[in-house]
Amino acid sequence: MRKILLASLVAVFTLGLMSSCSKDDDGPGPDLTDYAAKIAGIFKGDMTVALGEAQPGAPTTEKIYVTRTGENKVTMEIKNFTYEGMSLGNIEIKDVAVAATKATDASAAYKCAVTGKGSVSINLNGVPLTADVEVSGTVANDKADIKIVVDAAGLKVNVGFAGDKIGADTPDYALDIAGTYTGKMIVTVGDTPVGPTKQEIVFARQNENVVQMSMEDFSFGGASLGKIVLSDVNVAKKDAGYTVAGEGDVKVSLGGNPLTVKVTLEGTVEDKATELVMTINVPGVGDVKAEFTGAIEYVPSDLAELLSIEFADNAKVAVQPATTDGKNYTFAMTADATADDLKGLVPTIVVSEMATVVPASNKTVDFSQGAVDFVVTAEDGTTTATYTVSCIGKQTSLASFEEWEEEKLWGSPVGMRPVLSSGWATSNSAAVVLQDAPYKPVGPVDAGYKGKGAQIYSIDARTYYEALPTMVPALAAGSLFIGEFKLNMTNTLASTRFGALCDTKPTFVSGYYKYAPGDSMINNIGEALKDAGTDECSIVAVLYEVENEEDETLDGSNVLNDSRIVASAIMTSGEQKDFKQFGLELNYTGEYNPANKYKFAIVCSSSKNGSGYKGPEGTVLGARGSMLIVDEISVYSAF
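(A) Here's a closer look at the sheet that holds strand 38 (residues 520-523). Strand order across the open sheet formed by three strands is 39-38-45, with antiparallel pairing between neighbours. The open sheet has two edge strands, strand 39 (528-529) and strand 45 (620-624), and neither has a second partner. Where strand 38 and strand 45 come together, four bridges link them in antiparallel fashion. From the neighbouring strand, N523 faces strand 45, where its bridge partner is V620.

This is the structure:
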């Protein structure tokens, strides 16, 4: 009810005030003084407000602006009037008549009486009402003593003012910073910060250059202190902005029990934006630090990004979620995981500041039925983004290319090959005659994505091609693959025997690569080409059915088009300066029967068309010096 009655003061008073006057002496002649001009100015002093017969509250420093509007008529205005933390706006009294009265103080140069009655229209909770108003007071020797009584439905609001005329307006910095600031708060207990969370802080003018700070629902570590109100916060001018500082004991409630905490506040305000640091000393807990940044014209963020997602401390997760396109995340389980392990996964999710995500972070999510959509909603409440997270299967093999051994052909070294249980081989033996090449077709490189990697190189072999055109291609494209290499002098494409027995159903292949195409394209008759574009690498995954595991294999001539293929995937790429993750999802075009026998191959080539040297004359093979580096290649299989 108090706030309702005080709201009535926001109304604009339009009064016709009647007053009587007398001269300072009984001498002859009329008094022609324009007392409106005499009292016009700014009066600054103490103002009190009381409801009914209650005692007035503590006085606040206010100003009344008196403006001459006609002969012996003024407008009186109280600007930005506040009371007990509430802003009541401007109080304006128009057409106030001013007249002299006999001075009782011999030292008074003048004394004017202002009295009168009228009515005012007010808006009470949306309901228009009419209230009676009575104004009385005096202005003598530049001192004002004024009373205003508003009678609304029989309940009275009494406003009293006593102040002096000042030569010029004085700044009230409390008015400059007053308002509601919306922003972000980080709360730190001990050394552990939490947040940011959305918070509102209100600065309400309490007195001249003094504000009251309040914020609702303050909590830390799951404990709520409720509303915090700190009075007597001093405001000072500093450069283009203001500083605020204050401290005091504040009564709060912790777990339903009353508690007194000491609050210390300091910060700055500039351009209607604030940065604050608040220390709240809680008995039994110690100092709780709250850092706040906000603004009156606060613009909530429209960022709705999923920054990271992981399944922390879960031994069944072999590969944490990762994305190649920023929207679709995939992860993998260990080889011994079951479909039931997908039902109880708990992701830890980081999203854009102040955004929310559903399903929420650190809540159990069931991935056993397929991909799950995570919807991130920005702080503005309207901008959303959807991210899909799915399990690509069990990680059944991982090629890290950390260990290498010498590779030989006919007892002679031809290079290095990776030592891996999944059966990786190289095309180094095919280049045995290219003794002066700067690199072998395949070899280790120290600067892999993680530790060592595998380097695959395309060699300019035109000198040898001219001598042995039926055996040596003009461009020897390096290849690293699952399978084995058996040199076939009559059909060199058949030397690469792609594939190893596979007793699972592969679904996905991932890894990391970077690629630098060579500087000169070459065709299959040894011609250097100027306008043939740039070279590209390729990574192929293929699953094919076999009956005779010893004799049946794919090779460079049919790895992409054999009728036995039941699933395949291919990736090609031009220049890629930095390591980039690739993902190959196998497309099953044939029926998979776990009772049948299958072979699976991954083939990495530094020139995607390198196997075309037996094609029509003029077939472009690739570029000399093209270099592909691969690392951390994983194979994932279905549950």
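(B) Here's a closer look at the environment of I570. With respect to the helices and strands, the residue I570 is situated in strand 41 (residues 565-573). Taking C-alpha positions, I570 is 9.0 Å from L560, a pair spaced ten residues apart along the chain.

(C) Summary view of the sheet that holds strand 13 (residues 179-189). Ordered in space as 13-14-15-16-17-18-19-20, the eight strands form a closed barrel in which the pairing is antiparallel. Adjacent strand axes in the sheet meet at a mean angle of 25° when their direction is disregarded. Pairing geometry for strand 15 (residues 210-220) and strand 16 (residues 223-238), over eight bridges, is antiparallel. Note on strand 16: the bridge partner recorded for S214 is V229.

(D) Spotlight on the side chain of S214. Among the structural elements, S214 can be located in strand 15. Once you skip the residues sitting within four places of it in the chain, S214 turns out to touch E200, I201, V202, K227, I228 and V229.

(E) Representation of the packing of aromatic side chains in the model. The final tally for this structure, using the stated rule, is 15 aromatic pairs. Counting every residue linked through ring pairs, the aromatic cluster contains F311, F331, F367 and F374. Looking at K79, its charged tip hangs above the ring of Y65, at a distance of 4.2 Å from the centre. Geometry around Y242 places K237 over its ring, the cationic atom sitting 4.6 Å from the centre.

(F) Representation of the side chain of T496 within the structure. Along the chain, the position of T496 falls in strand 35 (residues 496-498). A distance of 3.2 Å separates a polar atom in the side chain of T496 from the backbone oxygen of L493. Excluding its chain neighbours within four sequence positions, the residues that come into contact with T496 are S479, F481, E484, F485, L554, D555 and G556.

(G) Spatial organisation of the pairing of strand 11 (residues 143-152). Alternating positions in strand 11 separate cleanly, A144, I146, I148, V150 and A152 being buried on one face and K143, D145, K147, V149 and D151 remaining unburied on the opposite face. Bridge count for strand 11 against strand 12 (residues 155-166) is ten bridges, and the pairing is antiparallel. Paired with K147 across the strands is G160, a residue of strand 12.

(H) Expanded view of the state of the cysteines. Considering all chains together, one arrives at zero disulfides under this definition. No disulfide involves C537; its sulfur sits 8.8 Å from that of C604, the nearest cysteine.

Thresholds applied
Residues numbered from 1 in each chain as written. Predicted model: local features only at pLDDT ≥ 70, side-chain atom pairs only at ≥ 80, totals over all residues. Heavy atoms only, no water. Pairing = 2+ DSSP bridges. Helix = DSSP H or I, 4+ residues; strand = E, 2+ residues; numbered from the N terminus. Axes fitted to C-alpha atoms, helices over the stretch in contact; angles between N-to-C directions. Contact = heavy atoms within 4.5 Å. Phe/Tyr/Trp six-rings, centres within 6.5 Å; stacked < 30°, edge-to-face > 60°. Lys NZ or Arg CZ within 6 Å of the ring centre and 35° of its normal. Polar contact = N/O pair within 3.5 Å; in protein donor to acceptor, adjacent residues only side chain to side chain. Buried < 20%, exposed > 50% of the residue type's maximum accessible area, 1.4 Å probe, protein only. Disulfide = S-S within 2.5 Å.

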